[in-house]
Amino acid sequence: MLSTDIHLALARQYHAAEQGREQVLAPSLQYPDITIEDAYAVQRAWIALKLAEGRVIKGHKIGLTSRAMQQSSQITEPDYGTLLDDMFFTDGSDIPAGRFIVPMVEVELAFILARRLEGPNVSLFDVLSATDYVIPAIEIIDARCHRIDPASKRPRKVFDTISDNAANAGIVLGGRPIKPLDVDLRWVSALLYRNGVIEETGVAAGVLNHPANGIAWLAKKFAPHGVALEPGQVILAGSFTRPVPARPGDTFHVDYGPMGNISCRFV
């Protein structure tokens, strides 16, 4: 692995990029020997910087849950990041586009936990039992390092995305909260409109065959580190649409059918 000093230096680069709204060189171009373990170490160091500034952990996100996204990233499992208190926006709100660099939106389901999830044997059924309710969500993702390197034209790698807090930047919760057994969550679907035009559609089964499977996976990934998913935390289960760019002036409306709607506008 890379040294702790390098992990911290990369975390500071991401932090400065986010604050200054200017992308940095991807870590995998700076350190070609970077590993997945290094990437998560960078992510933890960056989150630690934010916590030291007063941010509060409100939950976690799971990314790269679809087969297509995993193949494009040349990995065989999802990734994860941390949700902080300043990432949450209310349904119907104006979202300042200038807060981000190159924002995009994705369609997801959020699980709000009622009980602790911990250990190496957490199952889908444990997740459903521990969940207070499930609610529609829009995730706002961003790229603090270049998605395509300007000089080499090489796309970023999964190490870069993981280091970048799994690209997480914001979340909007809305629509109708439901109990996890009230509907078949695999068949929850959504229509994503941008400025009145349907840009994407998707079904929640695209997330690891059931959106709760990602949360079970996350609990098991945290188990060796003695970390649990805590009551009250928001867990984003993973997108079931491709990301759609969010430009200043764009209005988004996501129709979840019986689970209601979410809207927001980038200003």
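Calculation rules
- Residues numbered from 1 in each chain as written.
- Predicted model: local features only at pLDDT ≥ 70, side-chain atom pairs only at ≥ 80, totals over all residues.
- Heavy atoms only, no water.
- Helix = DSSP H or I, 4+ residues; strand = E, 2+ residues; numbered from the N terminus.
- Buried < 20%, exposed > 50% of the residue type's maximum accessible area, 1.4 Å probe, protein only.
- Lys, Arg positive; Asp, Glu negative; His and termini not counted.
- Salt bridge = Lys/Arg side-chain N within 4 Å of Asp/Glu carboxyl O.
- Polar contact = N/O pair within 3.5 Å; in protein donor to acceptor, adjacent residues only side chain to side chain.
- Contact = heavy atoms within 4.5 Å.
- Pairing = 2+ DSSP bridges.
- Axes fitted to C-alpha atoms, helices over the stretch in contact; angles between N-to-C directions.
- Parallel < 35°, antiparallel > 145°, perpendicular 65-115°, else oblique.
- Left-handed = near helix turned anticlockwise from the far one by under 90°.
- Nonpolar A, V, L, I, M, F, W, Y, C, P; charged D, E, K, R; others polar.
- Core = buried A, V, L, I, M, F, W, Y, C linked by side-chain atoms within 4.5 Å.
- Expected span 1.5 Å × (residues − 1).
- Arc of directions from axis to C-beta.
- Phe/Tyr/Trp six-rings, centres within 6.5 Å; stacked < 30°, edge-to-face > 60°.

A.B. asks: What is the right way to look at the side chain of aspartate 149 in this model?
C.D. replies: Structurally, the position occupied by aspartate 149 is in the loop between strand 6 (131–141) and helix 6 (158–163). The side chain of aspartate 149 sits in the buried core without any salt bridge; arginine 154 is the nearest counter-charge, 7.0 Å away. In terms of polar contacts, aspartate 149 uses its side chain to reach the backbone amide nitrogen of serine 152, at 2.8 Å. If we ignore the near neighbours within four places in the chain, the residues touching aspartate 149 are Leu25, Leu29 and Arg154.

A.B. asks: It is not clear to me how the sheet that holds strand 13 (residues 261–266) should be interpreted in this structure. Could you clarify?
C.D. replies: One key point about sheets: their strands pair by backbone hydrogen bonds, in either a parallel or an antiparallel sense. The strand order across the open sheet built from five strands is 4-13-12-8-9, with neighbouring strands paired in mixed fashion. At either margin of the open sheet sits one strand with a lone partner, and together these are strand 4 (94–95) and strand 9 (197–203). The pairing of strand 8 (residues 189–194) with strand 9 spans six bridges and is antiparallel. Its bridge partner lying in strand 9, arginine 194 is registered against valine 197.

A.B. asks: Looking at this model, I keep getting lost on the packing of helix 1 (residues 4–20) against helix 3 (residues 36–52). Mind explaining?
C.D. replies: For any two helices packed against each other, one specifies the crossing angle of their axes together with the interaxial distance. In the contact formed by helix 1 and helix 3, the axes pass within 8 Å of each other and the chain directions differ by 55°. By the angle between their directions, the pair helix 1 and helix 3 is classed as oblique. Relative to helix 3, helix 1 is oriented so that their crossing is right-handed. Residue-level contacts link His7, Leu8, Leu10, Ala11, Arg12, Tyr14, His15 and Glu18 of helix 1 to Asp38, Ala41, Val42, Ala45, Trp46, Leu49 and Lys50 of helix 3. Of the residues that constitute the contact of helix 1 with helix 3, the class distribution is nine nonpolar, two polar and four charged.

A.B. asks: I keep staring at the nonpolar core and nothing clicks. Help me out?
C.D. replies: It is characteristic of soluble globular proteins that their nonpolar side chains tend to be buried jointly. Val105, Leu109, Phe111, Ile215, Leu229, Tyr256 and Phe266 are the most contacted members of the largest nonpolar core, which has 54 residues in total. Grouped together as the second largest cluster of nonpolar side chains are ten residues, Leu10, Ala11, Tyr14 and Ala26 included.

A.B. asks: So what exactly am I meant to see when it comes to the environment of glutamate 200 here?
C.D. replies: If you trace the backbone, glutamate 200 turns up in strand 9. Apart from the residues within four sequence positions on either side, glutamate 200 is in contact with Ala190, Leu191, Leu192, Thr241, Arg242 and Val244. At 2.6 Å, the side chain of glutamate 200 and the side chain of arginine 242 are in polar contact.

A.B. asks: How should I be thinking about helix 1 in this particular structure?
C.D. replies: Note: α-helices contain 3.6 residues per turn, so residues at a spacing of three or four share the same orientation. Across its 17 residues, helix 1 extends 24 Å between first and last C-alpha, which sits within 8% of the 24 Å expected from 1.5 Å per residue. Looking at helix 1, one finds that the buried residues are His7, Leu10, Ala11, Tyr14, His15, Ala17 and Glu18. The arc enclosing the buried residues of helix 1, seen along the axis, measures out at 160°, which places them on a common side. Exposed side chains of helix 1 directed beyond 90 degrees from the buried face belong to Asp5 and Gln19.

A.B. asks: Would you mind showing me how to read the packing of aromatic side chains here?
C.D. replies: Pairs of aromatic rings are described using the distance from one ring centre to the other and the angle between the two planes. As enumerated under the stated definition, the model contains seven aromatic pairs in all. Summarising the aromatic geometry, the rings of phenylalanine 252 and phenylalanine 266 are spaced 5.8 Å apart at their centres and angled 80° between planes, so their arrangement reads as edge-to-face. Of this pair, phenylalanine 252 sits in strand 12 (residues 251–255) while phenylalanine 266 sits in strand 13, and the two are 14 residues apart along the sequence. Here phenylalanine 252 falls in the buried class, since its relative accessible area comes to 0%.

A.B. asks: What am I meant to see in the pairing of strand 13 here?
C.D. replies: If a strand is regular, its side chains alternate between the two faces of the sheet. Residues Ile262, Cys264 and Phe266 point to one face of strand 13 and are all buried, whereas Asn261, Ser263 and Arg265, pointing to the other face, are not buried. Here strand 12 folds back onto strand 13 in antiparallel fashion, the turn holding five residues, of which glycine 257 has a positive phi close to 65°.

A.B. asks: Just checking my understanding: could you explain the side chain of arginine 144 for this structure?
C.D. replies: With respect to the helices and strands, arginine 144 occurs in the loop between strand 6 and helix 6. In terms of polar contacts, arginine 144 uses its side chain to reach the side chain of glutamate 18, at 3.4 Å. There is a polar contact of 2.8 Å between the side chain of arginine 144 and the backbone oxygen of asparagine 168.

A.B. asks: Any chance you could explain the environment of lysine 220 here in plain terms?
C.D. replies: Positionally, lysine 220 belongs in helix 7 (residues 211–222). Taking the C-alpha atoms as reference points, lysine 220 and asparagine 121, 99 residues apart in sequence, are found 6.7 Å from one another. Beyond its immediate chain neighbours, meaning those up to four positions away, lysine 220 contacts Gly119, Pro120, Asn121 and Val122.

A.B. asks: Honestly, helix 3 in this entry has me stumped. Any pointers?
C.D. replies: Compared with an ideal rise of 1.5 Å per residue, which puts 17 residues at 24 Å, helix 3 spans 24 Å between its outermost C-alpha atoms and is within 8% of the ideal. Inspection of helix 3 places Asp38, Ala39, Tyr40, Ala41, Val42, Gln43, Ala45, Trp46, Ile47 and Lys50 among the buried residues, and these make up the whole buried set. Following helix 3 by one or two positions, glycine 54 has its phi on the positive side, about 110°.

A.B. asks: Please explain unusual backbone geometry as it appears in this structure.
C.D. replies: For alanine 167, which is not glycine, the phi torsion reads 70° and is therefore positive. For alanine 167, a relative accessible area of 4% corresponds to the buried category. Residues other than glycine seldom take positive phi values, yet leucine 208 does so here, at roughly 55°. Taking the relative accessible area as the measure of exposure, leucine 208 reaches 28% and is therefore partly exposed.

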